[in-house]
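A structural walkthrough
Letter by letter, the chains look like this.
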Amino acid sequence: MKLLMFRHDGESRLGALRPGHEHEVVDLSEVAPDLLAVIDAGERGLEHARKVAANANRGLPLKDVTLLPPIESPRGNVIAMGRNYQKHAEETATNGDIKPPTIFTKAITSITGPYDDIEIDPSVSNQLDWEVELGVVIGKRGANIARRDAMNHVFGYFVLNDVSARDIQNGWGGQYFKGKSLDRSCPTGPWVVTKDEAPGPGNLALRLTLNGVIKQEGNTADMIHPIDAIIEWASKGMTLLPGALIATGTPDGVGFARKPPEYLKVGDVMETEVEGIGALRNQMVAAKVGARLADHSHRRT
Ligand code: MG
């Protein structure tokens, strides 16, 4: 099932693409208010959602609804992998020094919708960059999860663009957190594909185009630490909650590693795609970063 959140009459609602008619959205608000509630309801909740989606005779045209982030307020910061693809680790090497994968987090306030504009504010950053990634939604709580059990903790998959402010990422001692956490800089979605319906996550093509030009092309088969290993490591001595999100890393082709470096400009359009999961489309706009979050009507906090 492809579960999503959409805006209807000024409210955010749970929905799903109608099975067999994926140009339509079925309203699932009778099942649950949002995806976190479906995850919390376990297999029974998912079964209920499946039944309502399958029995719907028609839905709203997908092109007419505004899609929201599938999980706007995940349980905890987004857990993210850095340098998890070999060629990307190589392209980011300084003085030939290839660093191993790392783990960091992104503030939940960085999350935005699949087709939302992303703000550029030169007083905040002049070096915004792109990163196509496969996102993982955790479905079951766990700590010290063994690698062989790890995939049982996965609820589903989505597409994520880990837009990064390189000047901030490398400022103040080079800690990733703030450079990866600007407000509404991280598009997610367009939906969460549940694990039962998703293609095997170990061999999916990833692609990012900028204004129609391919910048990144990779495959999840090239992850240094695959999803089960990430879950094992991330959960070591640290509980992963249902509704937590993981960004699994990006392949090579990011802007700052290009010669000369390339950064996002006002008017640029990024299309960010993971095979069998979906595609995001986001335009860069000039705006004051941080000004919109507080009055964002569908945010519940
Ligand atoms: Mg990344």
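Structure shown above.
All figures in this text were calculated on a predicted structure; none of them were measured in a lab.

**Details of the layout of surface pockets**
By volume, the largest pocket is sized at about 420 Å³. Looking at the lining of the largest pocket, the elements that each hand over two or more residues are strand 6 (78-82), helix 3 (86-91) and helix 4 (166-169). Classifying every residue of the lining of the largest pocket gives six nonpolar, seven polar and eight charged.

**Remarks on the coordination of the magnesium ion**
Note on the magnesium ion: its protein donors are Glu131 (OE), Glu133 (OE) and Asp162 (OD). The metal-donor distances range over 2.0 to 2.1 Å. All donors to the magnesium ion come from one chain, and their sequence spacing reads E-x1-E-x28-D. Of this pair, Glu133 sits in strand 11 (residues 132-138) while Asp162 is found in the loop between strand 12 (154-161) and strand 13 (164-165), placing the two residues 29 residues apart along the sequence. Asp162 shares its class with Glu133; the two are buried.

**Considerations on the pairing of strand 1 (residues 2-8)**
For strand 1, the tally of buried residues reaches five of seven residues, placing the bulk of the element in the interior. Here strand 1 pairs with strand 14 (residues 186-194) via two bridges, running antiparallel. Paired with Leu3 across the bridge in strand 14 is Val192. Judged from the six bridges that link them, strand 1 and strand 2 (residues 11-18) form a sheet pairing that is antiparallel. Looking at the pairing, Phe6 lines up with Arg13 of strand 2. Hairpin geometry of strand 1 and strand 2 is characterised by an intervening segment of two residues between the two adjacent antiparallel strands and by a positive phi of about 50° at Asp9. Across three bridges, strand 1 lies against strand 5 (residues 66-68) in antiparallel orientation. Bridging across to strand 5, Arg7 finds its partner in Thr66.

About the cut-offs
Residues numbered from 1 in each chain as written. Predicted model: local features only at pLDDT ≥ 70, side-chain atom pairs only at ≥ 80, totals over all residues. Heavy atoms only, no water. 1 Å grid on protein atoms, 1.4 Å probe; cavity = no way out; pocket = protein on both sides within 12 Å on 5 of 7 lines; lining within 4 Å. Points joined across faces, edges and corners; volume = space filled by probe spheres on them. Helix = DSSP H or I, 4+ residues; strand = E, 2+ residues; numbered from the N terminus. Nonpolar A, V, L, I, M, F, W, Y, C, P; charged D, E, K, R; others polar. Donors = N, O, S within 2.8 Å, 3.2 Å for Na, K, Ca; no water. Buried < 20%, exposed > 50% of the residue type's maximum accessible area, 1.4 Å probe, protein only. Pairing = 2+ DSSP bridges.

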